[in-house]
Structure formats: C-alpha cells, structure tokens
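Structural overview for review
Chain by chain, the residues run as shown.
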Amino acid sequence: MKAIVLAGGFGTRIQPLTNSVPKPMLPILNRPMMEHIIIKLRDDLGITDIAVLLYFKPEIIKEYFGDGSGWGVKITYVQPDDDYGTAGAVGFARELMDESFIIVSGDLVTDFDFKQIAAFHKQKRSKLTITLTPVDNPLQFGVVIANEEGRIEKFLEKPSWGEVFSDTINTGIYLLEPEIFDYIPVEENFDFAKDLFPTLMKEGVTLWGCSVEGYWRDVGNPQSYREVYQDLFDEETVLPMKGEKSEQGGCAIYREDGTGLPESVRCSGTVVLGKNVTIGKDVELGNVAIGDNVKIGEGCRIKESIIWNDVEIEGKVTLHNSVICNNNRIAKKVKAKNGVIISEYCEVDKGTIFTKDVIVWPEKSINEGSIVSNNIIWGKNYKSSLFESGKVIGRTNVELSCEMATKLAESFGSILPVGSKVYISRDYHRSSRMLKRAFLSGMLSTGIDVLDLRNIPSNVMRFTLAHHEEVAAGIHFRQSTINQLDTEIIFYTSEGLAIDTNLSKNVERIFFRENFRRVNHTQIGEIDEEHHVKDRYVEVLQQRLDSALFKSSEMKVAVDIMFGSTSDIYPKILNELQIENIVLNGYQDDKRLTKLPSLIKSSHKNIADIVKTMQLNCGFLIYPNGQKVQMVSDTGELVYDYTALLVVLSLLNESKEGAKVFLPAWAPDYIEFENLEITRGKIESLKARQLEEYDLIATTDGHFAFTEFGLNNDAIFASLKILELLLKNDTKVSDVVENLPVFCFKGENIPCPSERKGLMMRKFLEDGKDKKTAFDDGVKIWVEEDEWILMVPDQHSEFLNIYLQAKDESRANEIFYSYKSKIEKW
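Below you will find a few notes about this structure. All of these numbers come straight from a predicted model, not from anything done at the bench.

Each helix and strand in the protein chain was counted, giving 20 helices and 52 strands. Relative to the 2.2 N^0.38 estimate, which gives 28 Å for 826 residues, the radius of gyration of the protein chain is 30 Å and therefore close to what a compact globule would have. Along the three orthogonal principal directions, the C-alpha set of the protein chain runs to about 95 × 65 × 55 Å. A burial count over the protein chain gives 57% of its 826 residues as buried. Long-range pairs, those at least 24 residues apart, make up 59% of the contacts in the protein chain with a sequence separation of at least 6. Just so you have it, the protein chain exposes about 34800 Å², and 43% of that area is on carbon and sulfur atoms. Each charge class in the protein chain was averaged separately, 95 positive and 124 negative side chains, and the resulting centres sit 4 Å apart.

What follows is the structure, encoded as structure tokens:
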C-alpha cells in the first residue's frame, strides 16, 4: 500500500498561527502535525512510499522533510500549478499510485487504527472507502449516513445547521484503488465530496464507510489547536514524544539535548522541553510544551500553554492557556491569566496585562503597562469566518474599525476585475458613513470604480443593482436592528443577492493572507455619484402597480417610517398614488433608533390606535432599512408576522391562479391554497434564475419579495402590493384574518452549545424514524397529519430553533414540552 498526504491548505481559519508556516507544519509536542501522520502511516501500515501534495508555502515542507529518508520513507512531492480541488489535486499523483493507497490530511491529529480501515477496505473489496466517525460539531465536515453493512446512502459536504442530518462525518481519510483515477479528470477542478462521490454513485460504484472510534481532530482554528494539547495532557490520546523521559513528583518530563532543569523548578502534569531550553530559578511549569531555544526567566508561572521556538520570556511572567509563536519577546511581569495567542515577532513590554483571552497578530509592539482586552484585528471570539450569510457584523469602531473596513474592501476588490464598477451605499447612521468612507478608499486601491449612492435604503440599492448589468457588485452599510452597538456590512452580487459561502471564503482567504491587489497609479479607481436612483425606483415601482386602481379608490392608511432611510421615498409614493395617509416618524434620526425595541413597541400601539380611531383601511410599520414590514388590520389589531404571511397568501390565492410561491421549510402549511403552487425549502440555496421562477418569495417574519418588481425583500413594494390585493379582492384585512382556520404556529429557542448541535440533529432524526419526516432545512417530524415540529440549529448562535404547528395552543405546548424534555435528556 502507498499513501498520499494532503499538505496544500491555506490554513485561513487558524490564522494567525499560519502566518508564516503552512498548517501541516504547526507543532504538536515539538513535531509538525504532518510528521505525526507520516510516522503513523509507517508504523501502522508499513507504508514507505508517500506522495505529498503541496500548494501553500511548499518550500517549508520540502526543507523539513527532504526525501523522507530521516523517517525511513521515500517522499515524492507533487505540486499542482493551481487550486484544482481535493480530488483534482490528488489526480496529479496518478502516475505514482499503482496499487491500493490511503489519502490522509497532513493537518489533523488522530489515533485511529489504520489497520482496521485497511482490513475493512479489503474485506468489502471496496474501490473507495471513506473513514467515518461521530463528532460534536459537524458543520465544517461532510455529514454521512451509512447502513449497517457500511454502504453509504447519503452525504452532504459542509452543511449548515439546518442541513445536518447526523453527527457522523467524513474524516477525509480515504482508501482507494487506482482505477478511481479513471473518474477524476486531468487538470480540472474536481472535489471529492461535490464531484467524485456523486459521479461514482451515479455510475453504480458502491461507496463504503468504515466507522472508526478513537481520537480525531481537524485542527481548524486557534481554539481547536489549544484543545489538542489539552486532550494530550489529559491523556485522551497519545502521540510519540521526543526527548528523554524523567519523573518529578508525579510529573512526566520530556527533555531534549542541551536543556537543564534547576532543582527549584516545580512541575506538574506533563512538561515537554525542546532543545537548548534555559529555565530560571523558582519557575512553575504545568502541562506545557516548550520548543527549541527558549529562555524563561526566574519566578515565571506557565501552565496549560504552548511555546514555540526562539522565544524569550523575562522574569515573573504569568501565562495560562496561552500560545506563544516563534521569535517573540515577553518582558517582565506580563500577566495573561485568561489566555492569549501571540503570533510571531511581537514585543510585549513589561507589566502588560491581558485581561481577556485575546489574539495578538504578527509584528506588534505592546507598550509598557498596557491593559489589553481586545484582539488586535478581530473581536473577542474566535470566528471560523468573517462572514455570516453574506454579512460582516462587528462592534462599531471596536471590531469594525476604519482599518478593518479598508482591509475588507481591499480583499473584496481583489476578487473583481480591474476597472469593475460597484455600488456603495449606507443608512442614516454616522458610523455607517464613517466606515463607508474608509471602505471606499480600499476599493479604489484595487482598481475598482465606485458609484457612491450615499444614504439610501438597502432595498433601493439592491433594486438599482439588479437593473444595471454593468455594475458588478454592491455593498451596503447599516446599523444592526438586533444590536444597536453593531454595524453590518452587506455584500451583494450583481443580481442584488447576498454573496454565497464560496465567494465569502475567497474574500476571507485574501483578507487573512493580506494578498491584496495593489494597482499602479494609472489604474486607481474613480469615484462617481449616481443621481436620480430614488426617482427611478419610484417610477418603476408605480409602473408595477395598478396606479389607476389606487387613484379611484378611497384607501386610507397609517404608516410608521420609524426614523429610517425610507422617510424621503415612502410618503412621496403614497401621495403620487393619491392614497390618503398619516405618516409617523417620517424623518431620519439615528439617536431615536438606538432604542429600537422600545420604538417598535410604541409604534405598534400608536399605529393601532390611529387606524382604529380614524377608521382607516390598515396600517404598516416600515422597518428602518426598508426590508421588513408589519401590518395592522382595519380593526386596529397587530397582524403577527406568520399571520401576515397567511393573509398575503390568501389574497394572492383569490386574485391569481397558478401563482408560484417559495417559503421557508418551517412556514405553516395548515391551510391548502388551491390556486397557489407552494414550494418549501432553504431560500439561501437558490440562485437568481431559480428565484425568478416564483411570483412571491416570503418568510414568516415580515419579509416579502414580489418578483414582478425584484428578487429582494422590499417593505415599500410589499406594503403597496398588499393594498392593491385588498382593493382587487374588495376585502378588508380583518375579514381575511377572520376567515383563516384556527390553529397554532409558534417558534421557540432552546439553548444548545455548538458542539451538541450535530448530536441533536441525529437524535431528532432517530426519533422520527417511524414517522413522516422531511429534511429540506433542519429535521421536520409530523406528530399527526397536520401537526409537526421542526428543529434547525441556529447558524450563528448557540440555540436550537424550534418551529411547530398544532391544532391549538394547548396541543402546541404539549408537543413543544415533550420535545424540550427529550432535548434536555439527549
């Protein structure tokens, strides 16, 4: 048997640890991770012929391992000239693999029994065997279901929480026969999970899954790197140690050449010391791994920490749960009791206190006596990505600083062709203006021309973007409506849709590697302003509505603009359509919006009172960014969001036959609409051409996109379309609500740590084995014919989102608390 070791990854998510070394070369117990893999391949399977696939910083790996003779193996390096995907890159080694071979990533830590996997592969006479194991958080991996024999039935690569149907994942360890190369095209981008596996299943080739128990960890971010060491120190797994072993009061000490240990040094747990380590008197060490050429001054206390090579630590320093990378200097009396990660070539002056677990990026100097409570570049939590559903969200002027905005712009601009045009717009808030201006300069530096739309609602910008083919993208800055301390930067494609995960990752890769495109002075982008954008929006909107119908009616409405960006557009439209109106809060005021929850509550009451007292047809609340709308009926009752959806569906059902509607998987389906063709699923997965097939795309929380006007949520057009449907059907909102059948639909959140979400999805799946189920987004289980519960883990927060439908409130509570107790038990 031969082996292929994958060693070409960028290590984007584990930055800044991979600032100057490729991820497989990160040290684990003073050996690169990849060295542990090579030793395991040699010792478990007797493999001596290994191909190593390189791409990112290849010279570092080549220099360390050479021809492999130092490890008793022969290493051949394969270096594709571009990123060809996982399987496409492996295809470059096809000439070397003339017998069964195993593929292993060089950047994981495992104690799996490779002999067991090889025996399974041989017993099944498999052409391709995937090694499977259960994990707590399966989001970053491929989720797999195999039958009792091990035959793979279903898999999904890197799902969202709503798509997770098991916590059993593809570990990326494969055993293959050489004929599999027949299915991998030459020098084409080709992925194992997205391309090769579906191709093999389509061709009738059985994929086998070998379930293995043991330790396996993909070292994907700085926290998981520290957790590997914690697991090693807790003896949850064992890896070969370097150096001579001795014991001191129950402490296991491993020392390499040139390292002494004064008698006054106190040790506990496991202590690993590299070559030429100098340790001063009265030092305390506990569960630490220290690399080569490290100096530690007198009286230091270092516990649960990893120190790389060529580090100098002066006296009376306290480090706990810390990672200190190469070539750092830490002066006297520095304290990091809660943890710190310090990347390379940093200087921390004396008396510095790290009050929180923070990251210091490379080549930073911290002045004497500093109190550090924030990461240098990003926020207080480790993030596997900057983007959340096409948005970058951060604390204004803390996490999202002007420096950060400029760097984001340089990253995004670098993926667009030189000379491309982009729209940039913002909301009413002064922080949005500040960050937009910083972002704008970064775009210009990459050779991108900017069309500055200034302060307009995001729905107007998206509409304008979708109608101008020559504009490549759009970026909108707005204050968060969820947390008023945060700013959101939203990135849109040329169709006005949020950018997808693949594009987000491309931007992140450039961001972390700082591989920005810097054009020469003749190519620097230009700024221009686009005028009459709002006028064009209003003109097209009126063309899509039956203006004559409005002008001949006696429609009367009340609208709360909520101090938002639609204040100079919405009243104008109402007046031009000759709709009698009362407008509240029709001017922009960012200070009033700092207390948005209380504003929403008072707006509900004010609009309800006005509609009822003045006997108006209905009322609307237009949320500040112009995307969400709420409705008040003619009787002054707030129509809750999911009921508003049913009202719109009822009106559409009565007025248009054959209308196609797309709703989220959890939208209520208690009512059958005979004239509507309704599809339920995951909206985020649809492309523009797919969205265009529908007449309405809606959610259960007040977001409506009528595609006759645009593919994007638009509260202005949606509210006017609802008025038009009311007029065409000659009905009132209260009448439509009253004719809806009585049932209960509700949503709840149950706290759940991220590492348990995969397990919860699997348990939900198992619980529904004998019931009708669906997996469009999350797991949906029918309890009775029209009663169901759906669980989808929140993508960004530590919650399980629970949706359920039942015949009444009592039955809904019965179902909810039944499953809540199951979840607590699980």
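Resuming the write-up.
What follows concerns the nonpolar core. Of all hydrophobic cores here, the largest spans 91 residues; its most connected members are Ile28, Leu41, Tyr225, Phe439, Met443 and Ile475. If you look at the next biggest cluster of nonpolar residues, it comprises 76 residues, including Leu451, Tyr537, Phe550 and Ile722.

Applying the stated criterion to the full structure yields 38 salt bridges. One salt bridge in this structure joins aspartate 231 and arginine 217, with 3.2 Å as the shortest N-O distance. With aspartate 231 in helix α6 (residues 222-233) and arginine 217 in strand β13 (residues 216-218), this residue pair connects regions lying 14 residues apart in the sequence. The salt bridge involving glutamate 809 is made with lysine 746; its shortest N-O contact spans 3.6 Å.

Before going further, it helps to spend a moment on a positive patch on the surface. Together, Lys316, Lys332, Lys333 and Lys350 give the surface a local cluster of positive charge. Structurally, the position occupied by lysine 333 is in the loop between β24 (329-330) and β25 (335-336).

Going from glutamine 15 to proline 16, the amide bond is cis rather than trans, its omega being 5°. With respect to the element layout, proline 16 can be found in the loop between β1 (2-7) and β2 (27-28). Even without a glycine there, the phi angle at lysine 57 is positive, about 50°. Checked against the element boundaries, lysine 57 lands in the loop between β4 (49-54) and α2 (58-65). Although it is not a glycine, aspartate 310 sits at a positive phi angle of roughly 55°. Mapped onto the secondary structure, aspartate 310 falls in the loop between β20 (301-307) and β21 (312-313).

It is worth spelling out a negative patch on the surface at this point. Together, Asp81, Asp82, Asp83 and Glu187 line one region of the surface with negative charge. The topology assignment puts aspartate 81 in the loop between β5 (74-78) and α3 (85-90).

Throughout the structure, instances matching the rule amount to 31 aromatic pairs. Judged by centre distance (5.1 Å) and plane angle (50°), the ring pair of phenylalanine 65 and tryptophan 71 falls under tilted. Pair check on accessibility: phenylalanine 65 and tryptophan 71 agree, each one buried. Note on phenylalanine 764 and tyrosine 819: the rings are 5.3 Å apart at their centroids and 40° apart in plane angle, and the pair reads as tilted. Taken together, the positions of phenylalanine 764 in helix α19 (residues 757-767) and tyrosine 819 in helix α20 (residues 809-825) put the pair 55 residues apart, joining distant regions of the chain. Neither phenylalanine 764 nor tyrosine 819 differs from the other in exposure class; each is buried. One cation-aromatic arrangement involves lysine 407 over tryptophan 361; the distance from NZ or CZ to the ring centre is 5.6 Å.

Quick look at the sheet that holds strand β17 (residues 278-279) now. The 6 strands lie next to each other as β17-β19-β21-β24-β27-β30, forming an open sheet whose pairing is parallel. Every interior strand has two partners, whereas the edge strands, β17 and β30 (365-366), have only one. In this structure, β17 lies alongside strand β19 (residues 295-296), joined through 2 bridges in parallel fashion. Bridged to threonine 278 within β19 is lysine 295.

Bringing the packing of helix α7 (residues 402-414) against helix α10 (residues 501-513) into the picture now. At their nearest, the axes of α7 and α10 sit 8 Å apart, and the two run at 125° to each other. Between α7 and α10, the interaxial angle falls into the category oblique. For the pair α7 and α10, the crossing hand works out as right-handed. Across the interface between the two elements, Met404, Lys407, Leu408, Ser411, Phe412 and Ser414 of α7 pack against Val507, Ile510 and Phe511 of α10.

The 5 strands are arranged β48-β52-β51-β50-β49 in an open sheet whose pairing can be described as antiparallel. Taken across any chain shown, the strands that pair with only one partner, and hence form the sheet edges, are β48 (744-751) and β49 (773-774). Pairing of β48 with strand β52 (residues 799-806) involves 8 bridges; the strand directions are antiparallel. Note that in β52 the partner of lysine 746 across the bridge is leucine 804. Packed on one face of the sheet, α20 meets β48, β50 (779-784), β51 (787-793) and β52 and runs near 20° to β48.

Before going further, it helps to spend a moment on the state of the cysteines. The bond known as a disulfide is covalent and runs between the sulfur atoms of two cysteines. Overall, the coordinates contain 0 disulfides when judged by the stated rule. Considering cysteine sulfurs only, cysteine 267 is the nearest to cysteine 300, which forms no disulfide, with 13 Å between them. The structure places no disulfide on cysteine 346, whose sulfur is separated from the nearest cysteine sulfur, that of cysteine 325, by 8.5 Å.

Looking now at the side chain of threonine 237. By the secondary structure assignment, threonine 237 is in the loop between α6 and β14 (244-248). What makes threonine 237 buried here is its relative accessible area of 4%. Engagement of the side chain of threonine 237 in a polar contact is seen with the side chain of aspartate 111, the distance being 3.0 Å. Residue contacts for threonine 237: discarding those within four places in its chain leaves Asp111, Tyr215, Asp231 and Leu232.

A separate point is α6. Across its 12 residues, α6 extends 17 Å between first and last C-alpha, which sits within 8% of the 16 Å expected from 1.5 Å per residue. Among the 12 residues in α6, 9 count as buried, and that is most of the element. By the burial criterion, the buried members of α6 are Pro222, Ser224, Tyr225, Arg226, Val228, Tyr229, Asp231, Leu232 and Phe233. Structurally, the start of α6 carries an N-cap: the backbone nitrogen of glutamine 223 is 3.1 Å from a side-chain oxygen of asparagine 221. Phi turns positive, to about 60°, at glutamate 235, one or two residues after α6.

Rules of the game
- Residues numbered from 1 in each chain as written.
- Predicted model: local features only at pLDDT ≥ 70, side-chain atom pairs only at ≥ 80, totals over all residues.
- Heavy atoms only, no water.
- Helix = DSSP H or I, 4+ residues; strand = E, 2+ residues; numbered from the N terminus.
- Rg over C-alpha atoms; globule rule 2.2 N^0.38 Å.
- Buried < 20%, exposed > 50% of the residue type's maximum accessible area, 1.4 Å probe, protein only.
- Contact = heavy atoms within 4.5 Å.
- Areas by Shrake-Rupley, 256 points an atom, 1.4 Å probe, with all protein chains shown as cover.
- Lys, Arg positive; Asp, Glu negative; His and termini not counted.
- Charge placed at Lys NZ, Arg CZ, Asp CG, Glu CD.
- Core = buried A, V, L, I, M, F, W, Y, C linked by side-chain atoms within 4.5 Å.
- Salt bridge = Lys/Arg side-chain N within 4 Å of Asp/Glu carboxyl O.
- Patch = residues over 30% accessible without salt bridge, like charges linked within 9 Å, V, L, I, M, F, W, Y side chains within 5 Å.
- Phe/Tyr/Trp six-rings, centres within 6.5 Å; stacked < 30°, edge-to-face > 60°.
- Lys NZ or Arg CZ within 6 Å of the ring centre and 35° of its normal.
- Pairing = 2+ DSSP bridges.
- Axes fitted to C-alpha atoms, helices over the stretch in contact; angles between N-to-C directions.
- Parallel < 35°, antiparallel > 145°, perpendicular 65-115°, else oblique.
- Left-handed = near helix turned anticlockwise from the far one by under 90°.
- Disulfide = S-S within 2.5 Å.
- Polar contact = N/O pair within 3.5 Å; in protein donor to acceptor, adjacent residues only side chain to side chain.
- Expected span 1.5 Å × (residues − 1).

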